[in-house]
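# Architecture at a glance
Chain by chain, the residues run as shown.
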Amino acid sequence: MYLSFKLSVRFTKRVYLLTLKRYFCGNLKETMETNKTFTMIKPDAVANGHIGAILDHIIKGGFKITAMKYLWLTPEKAGQFYAVHSARPFYNDLVTFMSSGPIVAAILEKDNAVEDFRKLIGATDPAKAEPGTIRNLFAKSIDANAVHGSDSDENAQIEGNFYFSAFEKF
Ligand code: UDP
Ligand code: MG
């Protein structure tokens, strides 16, 4: 009798803990959104007066803006954002460039957002970007290439959270 009581307490405890774990931890992969990406209109495009035209292109491309802000990155913040490229030869110039003037940061929503947005912006080097893409239309060089676009669902989430709190995403 006492033993079965003990076992049932143990079982209840285990179910309770598992439920808690499921609720708070979840499985990131299972809950990963595939309909969001993150973009920045970079300092060159802002300085050249292309904010309006680029946003128009994004909206006409079927993306909905769910968060947006206009800001000027410090070199520290730009360095943090591009930390994944810190070993690349262009890293220091990239950080200097990205902190050289104001940018527009935004989270965009659409089915298959990451892949479709990469298509809309074109190749990293505007000389190789397809005609009609944002980089083909508005960028001048591989370093000052007008816009950023996330390269995966996971990075889209990390990058969006770098700029926006839960109260700033709609
Ligand atoms: N970049 C650069 N020189 C290069 C490659 C990249 O200055 O040879 C800059 C450029 O601004 C690019 C950013 O670094 O957008 C990030 O590089 P990535 O390879 O991730 O290209 P993206 O994903 O932006 O197309
Ligand atoms: Mg990239």
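In the block above lies the structure referred to throughout.
So, a few notes on the structure that sits alongside this text. (Residues numbered from 1 in each chain as written. Chains lettered and ligands numbered in written order. Predicted model: local features only at pLDDT ≥ 70, side-chain atom pairs only at ≥ 80, totals over all residues.)

### A word on the overall build of the protein
Broken down by element type, the protein carries nine helices and four strands. Going residue by residue from the N terminus, the α and β elements of the protein occur as α-α-β-α-α-β-α-α-β-α-α-β-α. Per-residue burial over the protein gives 28% buried out of 170 residues. Pairs at least 24 residues apart make up 72% of the contacts formed inside the protein by residues separated by at least 6 positions. (Helix = DSSP H or I, 4+ residues; strand = E, 2+ residues; numbered from the N terminus. Buried ≥ 20, exposed ≤ 12 C-beta atoms within 10 Å, placed from the backbone. Contact = placed C-beta atoms within 7 Å.)

### Looking at the site of ligand 1
The local shell around ligand 1 consists of His 85, Phe 90, Leu 94, Thr 124, Ile 142, Asp 143, Asn 145, His 148 and Asp 151. When the residues that make up the shell around ligand 1 are grouped by side-chain class, the tally is three nonpolar, four polar and two charged. (Near = placed C-beta within 6 Å. Nonpolar A, V, L, I, M, F, W, Y, C, P; charged D, E, K, R; others polar.)

### With respect to unusual backbone geometry
With a phi angle near 55 degrees, Asn 112 is a residue other than glycine that sits in the positive phi range. Locating Asn 112 in the fold gives a position in the loop between strand S3 (103–109) and helix H7 (113–121). Note on Asn 112: 12 C-beta atoms within 10 Å, which makes it exposed. In the Ramachandran plot, Ala 146 falls in the positive-phi region, its phi being about 70 degrees despite a non-glycine side chain. Take Ala 146: there are 27 C-beta atoms within 10 Å of it, and that puts it in the buried class.

### Observations concerning the pairing of strand S1 (residues 36–41)
Burial of S1 is extensive: six of the six residues sit out of reach of the surface. Along S1, one buried face is formed by Lys 36, Phe 38 and Met 40 and the opposite face, lined by Thr 37, Thr 39 and Ile 41, is buried too. Note: S1 against S3, six bridges, orientation antiparallel. From the neighbouring strand, Ile 41 faces S3, where its bridge partner is Val 104. (Pairing = 2+ DSSP bridges.)

### Remarks on the sheet that holds S1
Read across the open sheet, the four strands follow the order S2-S3-S1-S4; overall the sheet is antiparallel. Each edge of the open sheet is held by one strand with a lone partner, namely strand S2 (64–71) and strand S4 (147–149). For this sheet, the mean angle separating the axes of adjacent strands, direction not counted, is 15 degrees. Against the sheet, helix H9 (residues 153–163) makes contact with S1, S2 and S3, and its axis sits at roughly 55 degrees relative to S1, the strand it touches most. (Axes fitted to C-alpha atoms, helices over the stretch in contact; angles between N-to-C directions.)

Geometric values such as these leave the question of function open.
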